[in-house]
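Chain by chain, the residues:
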2 protein chains.
Amino acid sequence: MKAAIIKDKNTPISIEQIADPGSSSGEVVLDVNYAGLNHRDVWISKGQYAGIQYPMVVGSDLTGTYLGKKVIVNPAFNWGSKSGYPSSQFEILGLPRYGSLAEKVKVPISSIHPLPDFLTPEEGAALPLAGLTAYRALVSRGQAVAGEKLLITGIGGGVALFVMQFALAIGMEVYVSSSDDHKIQRAISLGAKAGINYRNEDWEKEFIKNFGGIDLVVDGAAGDGFSKLVKICNPGARIVVYGGTGGVISQLIPQQIFWKQISILGSTMGSEEDFKNMMNLVLKHQIHPVIDQVFPFSEIQEAFRRMSDGKQFGKIIMEIAS
Amino acid sequence: MKAAIIKDKNTPISIEQIADPGSSSGEVVLDVNYAGLNHRDVWISKGQYAGIQYPMVVGSDLTGTYLGKKVIVNPAFNWGSKSGYPSSQFEILGLPRYGSLAEKVKVPISSIHPLPDFLTPEEGAALPLAGLTAYRALVSRGQAVAGEKLLITGIGGGVALFVMQFALAIGMEVYVSSSDDHKIQRAISLGAKAGINYRNEDWEKEFIKNFGGIDLVVDGAAGDGFSKLVKICNPGARIVVYGGTGGVISQLIPQQIFWKQISILGSTMGSEEDFKNMMNLVLKHQIHPVIDQVFPFSEIQEAFRRMSDGKQFGKIIMEIAS
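The residue numbering used here restarts from 1 in each chain and proceeds along that chain's sequence as written. Working convention: letters from A go to chains and numbers from 1 go to ligands, in the order in which they are written. Reporting of local features is limited, given that this is a predicted model, to residues whose pLDDT is at least 70; pairs of side-chain atoms are given and counted only at 80 or more, and all residues count toward the totals for whole chains, interfaces and linings.

## Brief notes about the overall build of chain A
Elements are defined by DSSP. Helices are runs of H or I of four residues or more, strands are runs of E of two residues or more, and each kind is numbered from the N terminus. For chain A, the helix and strand inventory stands at ten helices and 17 strands. Just to be clear, the radius of gyration here is over C-alpha atoms, and the globule rule we use is 2.2 Å times residues to the power 0.38. Here the C-alpha atoms of chain A give a radius of gyration of 19 Å, agreeing with the 20 Å that 2.2 N^0.38 yields for 322 residues. Each of the three principal axes of chain A carries a C-alpha extent, and together these read 60 × 40 × 40 Å. Within chain A, residue pairs in contact and separated by at least 24 positions form 68% of the contacts whose partners lie at least 6 positions apart. Here, residue contact means that the backbone-derived C-beta atoms of the two residues sit within 7 Å.

What follows is the structure, encoded as structure tokens:
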């Protein structure tokens, strides 16, 4: 089969011929139609995870065909029995197990879900990992409530956009931030109430002046800007952190955290229950994932570059074999 | 009546004759027998709270006499209807309202509770504010569970010691930290499993080597050492922050927070429900507060100095009129 191979750290991804996956007990081999990219794939290609063995086939998201039916896959395997955190056997499709950027992929039979009728196969490949991460961050950890005010930082990324779509479906008042005014305008056209460019110095003062305090923040950046998120929080607010692209957090004032009874909640991926609940929300509200661009499989390097540059608004999808 | 008066910021507290409090609707005047000190009182004397009007009578804790019966007072008034955070009318006895370091104090009638039979009046004056803060931090926010491993930082302070006593009653495995080995030994004699001196460089590595990871931390310091608390956390752990004597938090690594699904939870004071639940726990397990020293009222300056120096192990109590 053809597969997108990362031969070593920091070498360009390339499409090569490799052996088909073999069968094993409890696992099945799917034909991949579309695969979705995640930042995770780019970071693995740069060696930014522990214990990577090259060569590696990355990719956590797909729409595939199994016994003639279109299916999607929950890429988070073996979460285990505790809702609060994953077991030591937890893994994500695409590391260490070969992933979805290939013509065939082997997955546990229990991870397969039918592609909902109202989604295209491209949309199906956009949903699983980012949708799962967004759902756990917003609902399971963030305890999102209709009518509350939500700020989503870094709008445009896959997780951030699903957080927005899910929050609007739940009935929240959604605010977004970005360094790109164009992305803010697109989010507003999709239903966000307003947005703010975090490159403005003192954006947090401007935010409070214009929009008041915030009840829930979903943040994928952390970094130096994080302490400003605490400042715009209302009493009892929660800040869910699902990523750290901005680096270490500094200058957090503890008095702001305890006087306002703030909760800072780490979240990543999600459990089987999170996945089922996410699918139910998507079905109930007929939520269509936002797709940035569909690339032919041969343009995998261009697709990786687009994700690496952070230019996308929505999910980047590869057409493997439709 | 005699009252301990702070005449201005950074002037020594002194005992003076002032007018008795008058009566008003829904409020009653108690005769104060014993009053307990809190760090809050020292900070108010140093001007470290917003909106202090001098002269001021501080003090949040007391055992008093009302209609011939011994009573204690929940010093947290008007929490309001939300369990997650206090209302804008919330206040603590002893600022802006005159507090318990006086022969008489006026409080809402709804704040009065009978002194439990098994407690001495000195112990009753040690319990309310620190016990309430400890209960909310450990149970309401920290969701303490029997069998879990708990680390309490800065053992010896009033809140930290109540956290320890409540956690032992609940059935947790308790570890403590301090900069004072003598305080660690005293905590072990009261039931802590082990302790560690946080002045040791790399104490967190030593801790993990000797005791493994931690499920819950209750911390009153924050500051530079906070990031080490995240490092010793097990997956799914909670860190409750109720104070900030160590200053701003820096060098927090977001990946450690989200990969381990850590929760960092601000907590201070508590609701009426927290107070009732705290009293039930104290009654059920017949918990006697740890008292550092009982001073005569005339030695209020010495008592303030002892609290300011951080030498105490347990609560500092003033005998007003027994």
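There is more to say, and it comes next.
## Focus: the packing of helix α3 (residues 128–141) of chain A against helix α4 (residues 158–170) of chain A
In a pair of packed helices, the angle between the axes and the distance between the axes together describe the arrangement. Residue and element names in this part refer to chain A. Axes here mean lines fitted to C-alpha atoms, for a helix over just the part in contact, with angles spanning 0 to 180 degrees between N-to-C directions. For the pair α3 and α4, the least separation of the axes is 8 Å and the interaxial angle reads 55°. Classified by the interaxial angle, the pair formed by α3 and α4 is oblique. For the pair α3 and α4, the crossing hand works out as right-handed. Only Gly158, Val159, Phe162, Val163, Phe166 and Ala167 of α4 make contact with α3, whose side of the interface consists of Ala130, Gly131, Thr133, Ala134, Tyr135, Ala137 and Leu138. As a working rule, the residues Ala, Val, Leu, Ile, Met, Phe, Trp, Tyr, Cys and Pro are called nonpolar, Asp, Glu, Lys and Arg charged, and the rest polar, with Gly in that last group. Class assignment of the residues belonging to the contact of α3 with α4 gives a composition of ten nonpolar, three polar and no charged. Relative orientations are named as follows: roughly parallel for angles under 35 degrees, roughly antiparallel for angles over 145 degrees, roughly perpendicular for angles from 65 to 115 degrees, and oblique for any other angle. Handedness of a helix crossing follows the sense of rotation of the near helix relative to the far helix, less than a right angle counterclockwise being left-handed and clockwise being right-handed.

## Some remarks on the sheet that holds strand β12 (residues 194–197) of chain A
With respect to topology, twelve strands assemble into an open sheet ordered β12(A)-β11(A)-β10(A)-β13(A)-β14(A)-β15(A)-β15(B)-β14(B)-β13(B)-β10(B)-β11(B)-β12(B), the strand pairing being mixed. Two strands close off the open sheet at either side, each with one partner strand: β12 of chain A together with β12 (194–197) of chain B. Each adjacent strand pair in this sheet contributes to an overall mean axis angle of 15°, direction not counted. By the convention used here, strands pair only if DSSP detects at least 2 bridges between them. With three bridges connecting them, strand β10 (residues 149–152) of chain A and strand β13 (residues 214–219) of chain A associate as parallel partners. Bridging across to β13(A), Leu150(A) finds its partner in Leu216(A). In the packing of helix α5 (residues 181–189) of chain A onto the sheet, contacts are made with β11 (173–178) and β12 of chain A, and the angle to β12(A) comes to roughly 170°.

## Observations regarding the interface of chain B and chain A
Many descriptions give the size of an interface as the accessible area lost when the pieces come together. In this assembly, 30 residues from chain B lie in contact with 30 residues from chain A. The set of elements that each furnish at least two residues to the side of chain B that touches chain A consists of β14 (233–241), α8 (254–259) and β15 (263–266) of chain B. In terms of residues, the side of chain B that touches chain A owes the most to one element, α8(B), which gives five residues. Across the side of chain B that touches chain A, the residue classes tally to 16 nonpolar, twelve polar and two charged.

## What to know about the relation of the copies chain B and chain A
Overlaying chain B on chain A yields an RMSD of 0.0 Å, the required transformation being a rotation through 180° with an accompanying axial translation of 0.0 Å. Here the transformation between the copies is reduced to the relation of a two-fold axis. In terms of C-alpha distance to the rotation axis, chain B has Ser250(B) as its closest residue, with the C-alpha 2.0 Å off the axis. A symmetric contact is evident, with 100% of the interface residues of chain B recurring at the interface of chain A. Superposition of the copies was done by least squares, using only C-alpha atoms of residues whose pLDDT is at least 70 in both.

## Digging into the domain arrangement of chain A
All names here are of chain A. Segmentation into domains, and thus their bounds, comes from an automatic or database assignment. What the domain assignment reports for chain A is domain 1 (2–127 + 289–319) and domain 2 (132–266). A separation of 28 Å is found between the C-alpha centroids of domain 1 and domain 2. Taken together, the residues of the side of domain 1 that touches domain 2 sort by class into three nonpolar, four polar and one charged.

## What about the nonpolar core?
Here, a nonpolar core denotes buried Ala, Val, Leu, Ile, Met, Phe, Trp, Tyr and Cys residues that are linked to one another through C-beta atoms within 7 Å. Around each residue's C-beta, the other C-beta atoms within 10 Å are counted; 20 or more make the residue buried, 12 or fewer make it exposed, and counts in between make it partly exposed. All C-beta atoms are placed from the backbone. Core analysis: the largest hydrophobic core is formed by 204 residues, its most contacted members being Val163(A), Met164(A), Ile239(A), Val163(B), Met164(B) and Ile239(B). Not counting chain neighbours up to four residues away, the residues in contact with Met164(A) comprise Ile152(A), Ile155(A), Val174(A), Val176(A), Ala187(A), Leu190(A) and Ala192(A).

## With respect to helix α3 (residues 128–141) of chain B
All names here are of chain B. Take the seven residues that end at a residue and the seven that start at it, fit an axis to each, and the angle between those axes is the bend at that residue. Along α3, the helix axis deviates most sharply at Tyr135, where the bend reaches about 25°. Among the 14 residues that make up α3, 14 are buried, leaving the element largely enclosed by the rest of the structure. One or two residues past the end of α3 sits Gln143, with phi positive at roughly 50°.

## Digging into unusual backbone geometry
Residues and elements named next belong to chain A. The residue after Tyr54, namely Pro55, is reached through a cis peptide bond having omega -5°. For Pro55, the location among the structural elements is in the loop between α1 (39–45) and β4 (61–66). A cis amide bond, omega 0°, links Leu95 with the succeeding residue Pro96. Considering the arrangement of structural elements, one finds Pro96 in the loop between β7 (91–92) and β8 (104–108). We note that Asp202 has phi near 60°; this positive angle belongs to a residue other than glycine. With respect to the helices and strands, the residue Asp202 is situated in the loop between β12 and α6 (203–211).

## With respect to the pairing of strand β17 (residues 315–319) of chain A
All names here are of chain A. Buried residues dominate β17, accounting for four of its five residues. By the bridge criterion, three bridges tie strand β3 (residues 27–36) to β17 in an arrangement that is antiparallel. The partner of Ala35 across the bridge, within β17, is Met318. In the sheet, strand β16 (residues 291–296) pairs with β17 via five bridges, with the strands oriented parallel. Note on β17: the bridge partner recorded for Val294 is Ile317.

## Considering the pairing of strand β15 (residues 263–266) of chain A
Burial along β15(A) is two-sided: Ser263(A) and Leu265(A) and Ile264(A) and Gly266(A), pointing in opposite directions, are all buried. Where strand β14 (residues 233–241) of chain A lies against β15(A), four bridges are found, and the strand directions are parallel. Counted as the bridge partner of Val241(A) is Gly266(A) from β15(A). Sheet topology note: the β15(A)/β15(B) ladder contains three bridges and is antiparallel. Bridging from a neighbouring strand, Ile264(A) pairs with Ile264(B) of β15(B).

## Overview of the confidence of the model for chain A
Looking at chain A as a whole, its pLDDT mean stands at 97, while 100% of the residues score no less than 70. Reported confidences for the modelled complex are a pTM of 0.97 and an ipTM of 0.97. For every residue, the predictor reports its confidence as pLDDT, a number between 0 and 100.

## Some words on the environment of Gly266(A)
As for its placement among the helices and strands, Gly266(A) is situated in strand β15. With 28 C-beta atoms counted inside 10 Å, the residue Gly266(A) sits in the buried group. For Gly266(A) and Gly243(A), which are 23 residues apart along the polypeptide, the C-alpha to C-alpha distance reads 8.6 Å. Filtering out sequence-adjacent residues up to four positions away, Gly266(A) remains in contact with Val241(A), Ile257(B), Phe258(B), Lys260(B), Gln261(B) and Ile262(B).

## Observations concerning the environment of Ser100(A)
Residue and element names in this part refer to chain A. Tracing the sequence through the fold places Ser100 in the loop between β7 and β8. Note on Ser100: 33 C-beta atoms within 10 Å, which makes it buried. Here the alpha-carbon distance between Ser100 and Leu37, two residues 63 residues apart in the chain, equals 9.3 Å. Beyond its immediate chain neighbours, meaning those up to four positions away, Ser100 contacts Val32, Ala35, Gly59, Ser60, Asp61, Leu62, Leu93, Gly94 and Val105.

## Regarding the environment of Asn74(A)
Residue and element names in this part refer to chain A. Locating Asn74 in the fold gives a position in the loop between β5 (69–73) and β6 (76–77). The sequence separation of Asn74 and Glu201 amounts to 127 residues, and the corresponding C-alpha distance is 41 Å. Those residues within four positions of Asn74 in sequence are excluded, and the remaining contacts are Ser111, His113, Pro128, Leu132, Glu272 and Phe275.

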